[in-house]
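# Architecture and fold: a report
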Amino acid sequence: MDYHYEQTSEVEALDSIYYGEMKILETEPYHKFSIPIMSEGYEDGGEGLSCQLTFTYTAKYPDELPIVEIDNEENFDDVDKNQLLDHLMEQGKENIGMVMVFTLVSAGQEWLNEKWDSMKREKEERVLAKLRADEEAEQKRFEGTRVTVESFLAWRKQFENDMGIPAKREREGKDKNKLTGKELFLRDTTLNESDLKFLDDGDAVKVDESLFQDLDDLDISDEDDEDYVPGQSGSESD
């Protein structure tokens, strides 16, 4: 194979295809030139990926791979250019024996398009995820925390402890065991019946009649009577 002829012919064809964009950097000992590639829409809005592919022929190109370099990267902050370089080398190996620069430039262009589309999708997904998170947070502000039986019981226990309610209940429980006289009276109905039973049971009290015999033998002075009035006898006279 006439390597010089193959290389010269390819350079002329590439200069025609990429006229105004391709730059010849060296011609000796072998051609070295650069061709810019960019993702779709890069020139219109300035967003996207862009770089330059620099090719250098070797002595036996195209039976050998050309030397490929990536320069002047734009918006490659989240892009590993070595991935692009590995992709170009894989494509080159599949085209050994044939001039391949046009194929490699096209493969690089397609890789940038796919990479930029993937980056845009990831960015959109992050934005949507943030919007959903913000909406859920805003919704929770209005809905509050969902209450379950377990969470309510735990809250009530903590609330009662903070308010000292268990201690208060314990004191009230002790106070209930101490009843007043009135409460005892109202609670035990047998107490208000005891006096009545005592009065009704006439036979329950027996009087010793002997105590009232021989009253005349008793020395009772009228002066000992608190109701005694001098000059008045105990009986009315006719």
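A brief structural summary. Everything numeric here is computed off the predicted structure, so don't read it as measured data. (Residues numbered from 1 in each chain as written. Predicted model: local features only at pLDDT ≥ 70, side-chain atom pairs only at ≥ 80, totals over all residues. Heavy atoms only, no water.)

Bringing the pattern of salt bridges into the picture now. Using the criterion set out here, one finds 3 salt bridges in the structure. The shortest N-O distance in the salt bridge between Lys120 and Asp117 comes to 3.8 Å. Here Lys120 and its partner Asp117 are both found in helix α4 (residues 101-143), 3 residues apart, which amounts to about one turn of the helix. Measuring nitrogen to oxygen at the nearest pair gives 3.1 Å for the salt bridge that ties Asp134 to Lys130. Of this pair, Asp134 and Lys130 both sit in helix α4, separated by 4 residues, roughly a single helical turn. (Salt bridge = Lys/Arg side-chain N within 4 Å of Asp/Glu carboxyl O. Helix = DSSP H or I, 4+ residues; strand = E, 2+ residues; numbered from the N terminus.)

As a further point, take the environment of Leu14. Its place among the elements puts Leu14 in helix α1 (residues 3-17). Each C-alpha atom of the pair Leu14 and Phe102 lies 7.2 Å from the other, and the pair is 88 residues apart in sequence.

Turning our eyes to something else, we now look at the sheet that holds strand β3 (residues 50-56). Spatially, 4 strands are ordered β1-β2-β3-β4 in an open sheet, and the strand pairing comes out antiparallel. What marks the edges here is a single partner per strand, and that holds for β1 (23-26) and β4 (67-74). Ignoring which end each strand starts from, the neighbouring axes of this sheet average 25° apart. In this sheet, β3 lies alongside strand β2 (residues 32-38) in antiparallel orientation, the contact comprising 7 bridges. Of the residues in β3, the one forming a bridge with Pro36 is Gln52. Taken strand by strand, helix α3 (residues 81-93) contacts β3 and β4, and its axis lies near 145° from that of β4. (Pairing = 2+ DSSP bridges. Axes fitted to C-alpha atoms, helices over the stretch in contact; angles between N-to-C directions. Contact = heavy atoms within 4.5 Å.)

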